[in-house]
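Fold and contact review
The residues making up each chain are set out below.
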Amino acid sequence: MLFLAAGLGLVMGLVIGALGGGGGVLTVPLLVYALGVTAQSATTSSIIIVGITALVGTLARIRGGGIDWRTGLIFGALGIPSAFLGTLLNRNVDQQVLLLAFAAVTVLAATAMLINSRPEAEKPAQPADGSTPCEPSGGGTVATATRSTAGATRAHRRFLVTAVKVVLSGIVVGFMTGFLGVGGGFLVVPALVIILRMPMTSAIGTSLLIITLNAVTSMASRLGSPLDLDWRIVVPFTVLAVVGSFLGKRVADRLSGQLLTKAFAIMLILVGGFVAAEALGLL
């Protein structure tokens, strides 16, 4: 059992280190179906394992600058209250409905990521000064002032749009995390990449930061109740998961963002398909 837990932890660490998410999605099924842990214990164990692994992954990326701290902290803070609301709803919904909802969300997120990863058509080149191709780059002081004002307006509009996206994404992902009862990285990465248009390499590091914050919040909400943990499984699983996260980071550093996006999407489809088949009694 010890060696099996360690081996499965290494696999989970590789995934979360390379893709920035999916740790909780993989850990709970592995603990339940492979190691015989109860569902309630597996959920709590997963929070500890994934939280520590994500924290180590976050620290490993600090020096490389692969984390959008502002987005990550705001995202995580907004997800806290909405996650509690999702948890309240979770307790009043049938288990099969939850599993099917989980499967549907993972497959939809994966499909969106695959569509988003397709190469975009080349856009016409813009002059370096930001003017349009038919706009003269000169024009005197008035033209320059007009372009500066227009540029400031566009920048302000982009800032507001981005702020709204971050707020809405943080609230929705937090709610879905609480409702579905699993991690959050599998939702955070698609939100960062698709909605906020963040490069996959930055989304991985930022997702690890958000997962760490979510794990701390989730554990804080559980401190008043018995944890029911099997440390003989949790400790080796966590240690090898941390080792795997370092190996996963090295893998991610060697691969393109587009390839990582496709790999993450394929993993989500496989996990979603497995959960749906289990919920429908096909396996």
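Above this text is the structure in question.
Notes on the structure follow. What you see is a predicted model, and the numbers here were worked out from it, not measured in a lab. Throughout this document, residue positions are counted from 1 along each chain, in the order its sequence is written. Local features in a predicted model are, by the rule used here, given only for residues with pLDDT of at least 70; side-chain atom pairs are given and counted only at 80 or more, and totals for whole chains, interfaces and linings are based on all residues. Side-chain descriptors were evaluated using all non-hydrogen atoms of the structure, hydrogens and water having been removed beforehand.

What to know about the pattern of salt bridges
For salt bridges, the criterion is a side-chain nitrogen of Lys or Arg within 4 Å of an Asp or Glu carboxyl oxygen. Scanning the model with the defined rule gives two salt bridges in all. Across the pair Asp230 and Arg232 runs a salt bridge whose closest N-O atoms are separated by 3.1 Å. Looking at Asp230, the relative accessible area reads 26%, which means it is partly exposed. The shortest N-O distance in the salt bridge between Lys249 and Asp253 comes to 3.1 Å. With Lys249 and Asp253 both in helix α9 (residues 231-254) and four residues apart, this pair spans about one turn of that helix. Here Asp253 falls in the exposed class, since its relative accessible area comes to 55%. The buried label goes to any residue with under 20% of its type's maximum accessible area, the exposed label to any with over 50%, and the partly exposed label to all in between, with areas taken from a 1.4 Å probe on protein chains only. Where helices and strands are cited, they refer to DSSP runs of H or I of at least four residues and of E of at least two residues respectively, numbered from the N terminus.

As for the environment of Ser202
Along the chain, the position of Ser202 falls in helix α8 (residues 200-222). The exposure class assigned to Ser202 is partly exposed, which follows from its relative accessible area of 23%. A C-alpha to C-alpha distance of 9.8 Å links Ser202 and Val189, two positions 13 residues apart in sequence.

Brief notes about empty space enclosed by the protein
With a 1 Å grid spanning the protein atoms alone, the term cavity applies to any set of points in which a 1.4 Å probe fits but cannot get out, the term pocket to an open set with protein on both sides within 12 Å along at least five of seven lines, and the term lining residue to any residue with an atom within 4 Å of a point. Grid points are joined across faces, edges and corners, and a volume is the space filled by probe spheres set on the points. Inspection of every chain in the model, using the stated rule, returns two cavities of 30 Å³ or more. In terms of lining residues, the second largest cavity is bounded by Phe75, Gly76, Gly79, Gly170, Val173, Gly174, Thr177, Ile210 and Asn214. The set of elements that each furnish at least two residues to the lining of the second largest cavity consists of α4 (69-90), α6 (140-180) and α8. If you tally residues by element for the lining of the second largest cavity, the top one is α6, at four residues. Looking at the lining of the second largest cavity residue by residue, the classes come out as three nonpolar, six polar and no charged. Residue classes follow a fixed rule: Ala, Val, Leu, Ile, Met, Phe, Trp, Tyr, Cys and Pro count as nonpolar, while Asp, Glu, Lys and Arg count as charged, and any other residue, Gly among them, counts as polar.

What to know about the environment of Ala5
Locating Ala5 in the fold gives a position in helix α1 (residues 2-19). Separated by 233 residues in the primary sequence, Ala5 and Thr238 place their C-alpha atoms 8.9 Å from one another.

So, the layout of surface pockets
If you add up the space inside the second largest pocket, you get close to 280 Å³. Elements with a minimum of two residues in the lining of the second largest pocket: α4 and α6. With eight residues, α6 is the largest single contributor of residues to the lining of the second largest pocket. Taken together, the residues that form the lining of the second largest pocket break down as nine nonpolar, two polar and five charged.

Section: unusual backbone geometry
Look at Arg197: it is not a glycine, yet its phi comes out positive at around 55°. Its location among the elements puts Arg197 in the loop between α7 (185-195) and α8.

As for the nonpolar core
Only buried residues count toward a nonpolar core, which is a set of Ala, Val, Leu, Ile, Met, Phe, Trp, Tyr and Cys residues joined through side-chain atoms within 4.5 Å. Residues Phe75, Phe186, Leu192, Met200, Phe264 and Met267 are the most contacted members of the largest nonpolar core, which totals 38 residues. The set of elements that each furnish at least two residues to this core consists of α1, α2 (23-34), α5 (95-116), α6, α7, α8 and α10 (257-279). Contacts of Phe75, omitting those with residues within four sequence positions, involve Val166, Ser169, Gly170, Val173, Val188, Ala191, Leu192, Leu196 and Ile210. Contact definition: two residues touch when any of their heavy atoms are within 4.5 Å.

Section: the side chain of Thr106
Positionally, Thr106 belongs in helix α5. Look at Thr106 and you get buried, because its relative accessible area is 0%. There is a polar contact of 2.7 Å between the side chain of Thr106 and the backbone oxygen of Ala103. Other than its neighbours up to four places away in sequence, Thr106 contacts Phe186, Leu268 and Gly272. Identification of polar contacts relies on pairs of N or O atoms within 3.5 Å, with a donor-acceptor requirement for protein atoms, meaning one able to donate a hydrogen and the other able to accept it, and with residues adjacent in sequence counted only if both atoms are side-chain atoms.

With respect to α7
Where burial is concerned, most of α7 is hidden: nine out of the 11 residues are buried. By the burial criterion, the buried members of α7 are Gly185, Phe186, Leu187, Val188, Val189, Pro190, Ala191, Leu192 and Val193. Following α7 by one or two positions, Arg197 has its phi on the positive side, about 55°.

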